[in-house]
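Examining the three-dimensional arrangement
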Amino acid sequence: MIPRLGVNIDHVATLRQQRAEIYPEVTRAAEVSLATGAHQITIHLREDRRHIQDSDVPAVHLVCRKFNLPLNLEIGCSDEMVEIASLEKPEWVCLVPEKRQERTTEGGLDVINPQNYSRIKAACDSIKKNSPQTKISLFVEASPEVLKRCITLNADAVEIHTGEYARDALASKDLAPHLKQYREGAQIIKAHGWGYHAGHGLTFDSLEPLLAEKQFEEYNIGHWIVGEALFIGFGHVIKEMLTLMQKYPLEAKS
Ligand code: PXP
């Protein structure tokens, strides 16, 4: 059994929203990902709708259903988002912290602060009540204190925020302390029978040490895949454009 790959297609939508056009289509990105063997599609409906739009959620979910594979919907813990998830009933919801000004999801959920804990608990309970088939993962840092608090909630998995690990990998720093923390975290989470997922900032190179550790069952990766796809796909698209142009040579000047 290999770990699952969830492809986060938010940044296909980022490119689309940049021009407010109908392309590149997120449904096509979902279709290509799943047809190629990805195990799930991950999308983050942000409060500011900077990339994924409300109408994308059912459209991408439909593609997932066609492949009989899960949609993993990332949302903040607001009433609005909980309601959207409760109506859409995705196979997975990943609860994430969300600040309007952040460039991307910074840090994990704060389950230690009692007020935040109550808000996260209310979101979990509400989703489970309205959509009992939906599984919930909590996007958190891998500290033991945080993970022990997580398992008191009505959820099914944690997704470890690998942002700092990934940044250290890019800077060629020592990854051993992160890997040790992830191993220790796995013990807490797996003893409780929960899923142990990872995501954020991962690249081809930073994924490999994690795979070698064999702790995480699922990885959600987006930004690097979308970026790398540009270079792998660029040449093909240019070739197609040139092939089209060759069909219509200009008249020679007399
Ligand atoms: N998992 C979660 C919970 C995220 O918030 C994100 C970013 O939206 C990802 C995974 C994917 O991160 P990246 O796009 O950096 O690969």
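In case you missed it, the structure is sitting above this.
1. Quick word on the site of the ligand
Residues in close proximity to the ligand total 14 residues, the closest being E74, E159, G201, G222 and H223. G222 has a polar backbone atom sitting 2.7 Å from an oxygen atom of the ligand. In this structure, H223 approaches the ligand through a main-chain N or O atom, which is 2.8 Å from an oxygen atom. Contact with the protein chains covers 96% of the free accessible surface of the ligand, which is 400 Å². Taking a 2 Å distance to the grid points as the criterion, the majority of the atoms of the ligand fall inside the second largest pocket.

2. Comments concerning a nonpolar patch on the surface
There is a patch of nonpolar side chains on the surface, built from L230, F231, F234, I238, L242 and M245 and spanning about 660 Å² of accessible area. With respect to the helices and strands, the residue F234 is situated in helix α10 (residues 223–246).

3. Focus: the layout of surface pockets
Empty space among the atoms becomes visible once a probe the size of a water molecule is rolled across them. Considered as a void within the structure, the largest pocket measures approximately 1,700 Å³ in volume. Lining of the largest pocket is provided by 42 residues; of these, V32, I225, V226, A229 and L230 occupy positions nearest its centre. Counting only elements with at least two residues in the lining of the largest pocket, the list comes to β1 (4–8), α1 (10–19), α2 (26–36), α9 (204–213), β8 (218–221) and α10. Among the residues making up the lining of the largest pocket, the classes are represented as 26 nonpolar, 8 polar and 8 charged.

4. Overview of the pairing of strand β3 (residues 71–75)
With respect to burial, β3 is a largely interior element, 5 of its 5 residues being buried. With helix α3 (residues 56–66) bridging strand β2 (residues 40–44) and its parallel neighbour β3, the resulting β-α-β unit is right-handed. One ladder, built from 4 bridges, connects β3 with strand β4 (residues 92–95); its direction is parallel. Bridged to I75 within β4 is L95.

5. A closer look at the pattern of salt bridges
Overall, the coordinates contain 12 salt bridges when judged by the stated rule. A salt bridge links D125 to K121; its shortest N-O distance comes to 2.7 Å. Of this pair, D125 and K121 both sit in helix α5 (residues 114–130), 4 residues apart, which is roughly one turn of that helix. Owing to a relative accessible area of 28%, D125 belongs among the partly exposed residues under this scheme. Here the residues in one salt-bridge network are R46, D48 and R50, joined through shared partners.

6. Re the sheet that holds strand β5 (residues 135–140)
With parallel pairing, 8 strands are arranged side by side around a closed barrel as β1-β2-β3-β4-β5-β6-β7-β8. Ignoring which end each strand starts from, the neighbouring axes of this sheet average 25° apart. The pairing of β5 with strand β6 (residues 157–161) spans 4 bridges and is parallel. Within β6, the residue paired with F139 across the bridge is E159.

7. Observations regarding the packing of helix α7 (residues 163–170) against α9
Viewed as axis vectors pointing N to C, α7 and α9 meet at an angle of 115°, and their least axial separation amounts to 9 Å. As α7 runs across α9, the sense of the crossing is right-handed. Facing Y165, A166 and A169 of α7, the residues of α9 in contact are S206, P209 and L210. A class-by-class count of the residues in the contact of α7 with α9 yields 5 nonpolar, 1 polar and no charged.

8. Examining α7
Inspection of α7 places G163, Y165, A166 and D168 among the buried residues, and these make up the whole buried set. Against the buried residues of α7 lie β6, α8 (176–191) and α9. S172 sits one or two residues past α7 and shows a positive phi near 55°.

9. Here's the deal with unusual backbone geometry
Excluding glycine, residues mostly carry a negative phi; peptide bonds, for their part, are mostly trans. The omega torsion across Y23 and P24 is -5°, close enough to zero to call that bond cis. Mapped onto the fold, P24 is located in the loop between α1 and α2. The backbone phi angle of R49 is positive, close to 55°, even though this residue is not glycine. Mapped onto the elements, R49 comes out in the loop between β2 and α3. Residue S172 is not a glycine yet carries a positive backbone phi of 55°. Relative to the elements of secondary structure, S172 occurs in the loop between α7 and α8.

So, how was this worked out
- Residues numbered from 1 in each chain as written.
- Predicted model: local features only at pLDDT ≥ 70, side-chain atom pairs only at ≥ 80, totals over all residues.
- Heavy atoms only, no water.
- Near = heavy atom within 4 Å.
- Polar contact = N/O pair within 3.5 Å; in protein donor to acceptor, adjacent residues only side chain to side chain.
- Areas by Shrake-Rupley, 256 points an atom, 1.4 Å probe, with all protein chains shown as cover.
- 1 Å grid on protein atoms, 1.4 Å probe; cavity = no way out; pocket = protein on both sides within 12 Å on 5 of 7 lines; lining within 4 Å.
- Sits in = over half its atoms within 2 Å of the grid points.
- Patch = residues over 30% accessible without salt bridge, like charges linked within 9 Å, V, L, I, M, F, W, Y side chains within 5 Å.
- Salt bridge = Lys/Arg side-chain N within 4 Å of Asp/Glu carboxyl O.
- Helix = DSSP H or I, 4+ residues; strand = E, 2+ residues; numbered from the N terminus.
- Points joined across faces, edges and corners; volume = space filled by probe spheres on them.
- Nonpolar A, V, L, I, M, F, W, Y, C, P; charged D, E, K, R; others polar.
- Buried < 20%, exposed > 50% of the residue type's maximum accessible area, 1.4 Å probe, protein only.
- Right-handed = clockwise from strand over helix to strand, strands pointing away.
- Pairing = 2+ DSSP bridges.
- Axes fitted to C-alpha atoms, helices over the stretch in contact; angles between N-to-C directions.
- Left-handed = near helix turned anticlockwise from the far one by under 90°.
- Contact = heavy atoms within 4.5 Å.

Take it as geometry only, folks, not as evidence of what the structure does.
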